[in-house]
Amino acid sequence: VHHRAREVFSTPEMMQEVLVQLAQFTDKNHDPLLGDVETCVVWHGEVTGDSRHAAIMTPKANEEPQATYANRVIAFLFASDESFDELMKLPKKGFAMTCGNNRCVTLHHIQTF
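Because the structure is predicted, anything quoted here is derived from the model rather than measured.

A. Looking closely at the nonpolar core. Judged by nonpolar contacts, the single largest core of 24 residues is most densely connected at F9, W43, I56, L77 and V105. The set of elements that each furnish at least two residues to this core consists of α2 (12-24), α3 (70-78) and α4 (81-87). The element that contributes the greatest number of residues to this core is α3, accounting for 6 residues. Once you skip the residues sitting within four places of it in the chain, I56 turns out to touch V18, Q21, L22, W43, Q66, A67, T68, Y69, A70 and V73.

Dropping the structure here:
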């Protein structure tokens, strides 16, 4: 997990809550980080409204958990600084995926343009 995540998810419990959801709502036989770059890792949890992007509940200190785009959380947690900086220039919505599947959470499928 990238160091920037430890600044936002300030306790081990907050970080664990996010990581457990990533494990819970994806197939145990497919790895969204290190798996086959051709394979979609499909999200089996909640989705957002109209765009139907994978949605994950993110904990906030002293606040109720908030739904956000799972592909943005994965990029936040695991992308390199260079990749993350490029992704943050994109609109604040679910990232487009090269596979075209909004329920896909494969890090390698996130479009950077």
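The rest of the description comes next.
B. Main features of α3. Burial of α3 is extensive: 8 of the 9 residues sit out of reach of the surface. Among the residues of α3, A70, N71, R72, V73, I74, A75, F76 and L77 are the ones counted as buried. On its buried face, α3 is in contact with α1 (3-8), α2, β1 (55-60), β2 (63-69) and α4.

C. Representation of the pairing of β2. Bridge count for β1 against β2 is 5 bridges, and the pairing is antiparallel. Paired with K60 across the bridge in β2 is E63. Two successive antiparallel strands, β1 and β2, enclose a turn made up of 2 residues, where N62 displays a positive phi of approximately 60 degrees.

Conventions and cut-offs
- Residues numbered from 1 in each chain as written.
- Predicted model: local features only at pLDDT ≥ 70, side-chain atom pairs only at ≥ 80, totals over all residues.
- Heavy atoms only, no water.
- Core = buried A, V, L, I, M, F, W, Y, C linked by side-chain atoms within 4.5 Å.
- Buried < 20%, exposed > 50% of the residue type's maximum accessible area, 1.4 Å probe, protein only.
- Helix = DSSP H or I, 4+ residues; strand = E, 2+ residues; numbered from the N terminus.
- Contact = heavy atoms within 4.5 Å.
- Pairing = 2+ DSSP bridges.

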